[in-house]
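So the chains spell out like this:
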Amino acid sequence: QVQLVESGGGLVQPGGSLRLSCVASGIRFSWYRMGWYRQAPGKRRELVTTITSGGTTNYAESVKGRFTISRDNAKNTVFVQMNSLRPEDTAVYYCNAVWAQNNYWGQGTQVTVSP
């Protein structure tokens, strides 16, 4: 059974930082492209950042220079370090794993950026 379990969300003030983690089980983690997506209330789910099995990263323009994705294949874990957070970063953040025809999602973790 495949599971992606996110953690690290919470309430933070503008300008603050959070580090989200996603632990995967039931998949050959090192084979998968891992990513983070987010969905704000009333909006569509959008890409935040991805990292391939080879370590190539991709970022949405809105988070470039503020967010950093990384992975630890030994621990089946993907991280996103989020700095200089803004109110518009408020959303549920979802972990995603993709390889070939396989596409899995976590349950999400809430990030709220507010004074």
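So, how was this worked out
Residues numbered from 1 in each chain as written. Predicted model: local features only at pLDDT ≥ 70, side-chain atom pairs only at ≥ 80, totals over all residues. Heavy atoms only, no water. Helix = DSSP H or I, 4+ residues; strand = E, 2+ residues; numbered from the N terminus. Rg over C-alpha atoms; globule rule 2.2 N^0.38 Å. Contact = heavy atoms within 4.5 Å. Areas by Shrake-Rupley, 256 points an atom, 1.4 Å probe, with all protein chains shown as cover. Lys, Arg positive; Asp, Glu negative; His and termini not counted. Charge placed at Lys NZ, Arg CZ, Asp CG, Glu CD. Disulfide = S-S within 2.5 Å. Buried < 20%, exposed > 50% of the residue type's maximum accessible area, 1.4 Å probe, protein only. Salt bridge = Lys/Arg side-chain N within 4 Å of Asp/Glu carboxyl O. Pairing = 2+ DSSP bridges. Axes fitted to C-alpha atoms, helices over the stretch in contact; angles between N-to-C directions.

**Q** So what about the overall build of the chain? Which residues, and what values?
**A** Counting secondary structure elements, the chain contains zero helices and 11 strands. Counting helices and strands in the order they occur from the N terminus, the chain gives β-β-β-β-β-β-β-β-β-β-β. Against the compact-globule benchmark of 13 Å for 115 residues, the chain has a radius of gyration of 13 Å, which places it among compact chains. Taken along its principal axes, the extent of the C-alpha atoms in the chain is 40 × 25 × 25 Å. For the chain, restricting intrachain contacts to residue pairs at least 6 apart in sequence, the fraction spanning at least 24 positions comes to 53%. As presented, the chain carries roughly 6,200 Å² of accessible surface, and 46% of it is formed by carbon and sulfur atoms. For the chain, the separation between the mean place of its 12 positive charges and that of its 6 negative charges on side chains is 5 Å.

**Q** Describe the environment of Arg 44, listing the residues and the values that go with them.
**A** Here Arg 44 shows up in the loop between strand 4 (33–39) and strand 5 (46–51). Beyond its immediate chain neighbours, meaning those up to four positions away, Arg 44 contacts Arg 38 and Gln 39.

**Q** Describe the state of the cysteines, with residues and values.
**A** For the structure shown, the criterion picks out one disulfide. With its sulfur 2.1 Å from that of its partner, Cys 22 forms a disulfide with Cys 95. Looking along the S-S bond of the Cys 22-Cys 95 disulfide, the torsion reads about -80°, which is the left-handed sense. On the criterion of sequence distance, the pair formed by Cys 22 in strand 3 (residues 18–25) and Cys 95 in strand 9 (residues 91–99) is long-range, its members being 73 residues apart. Grouping residues by exposure puts Cys 22 and Cys 95 together as buried.

**Q** I'd love a proper account of the pattern of salt bridges, names of residues and values included.
**A** Oppositely charged side chains are able to pair whenever their charged atoms sit close together. Scanning all chains against the criterion turns up four salt bridges. Residues Glu 61 and Lys 64 are paired through a salt bridge, measuring 2.8 Å at the closest nitrogen-oxygen approach. According to the relative accessible area criterion, Lys 64 is partly exposed, its value standing at 44%. Among the salt bridges present, the one from Asp 89 reaches Arg 66, with a minimum N-O distance of 2.8 Å. Linking Asp 89 in the loop between strand 8 (77–82) and strand 9 with Arg 66 in the loop between strand 6 (57–59) and strand 7 (67–72), this pair joins segments that are 23 residues apart in sequence.

**Q** Summarise the sheet that holds strand 8; cite the residues concerned and give the values.
**A** The strand order across the open sheet built from four strands is 1-3-8-7, with neighbouring strands paired in antiparallel fashion. Only two strands of the sheet have a single neighbouring strand rather than two, namely strand 1 (3–7) and strand 7. Direction aside, neighbouring strands of the sheet carry axes that sit 15° apart on average. As defined by bridge partners, strand 3 adjoins strand 8 across six bridges and the pair is classed as antiparallel. Following the sheet pairing, Val 23 is matched in strand 8 by Thr 77.

**Q** Please give an account of unusual backbone geometry that cites residues and values.
**A** One non-glycine residue, Ser 84, adopts positive backbone phi at about 50°. Position of Ser 84 relative to the elements: it lies in the loop between strand 8 and strand 9. Residues other than glycine seldom take positive phi values, yet Ala 100 does so here, at roughly 55°. Assignment of secondary structure puts Ala 100 in the loop between strand 9 and strand 10 (102–105).

Worth remembering: the numbers are spatial, not functional.
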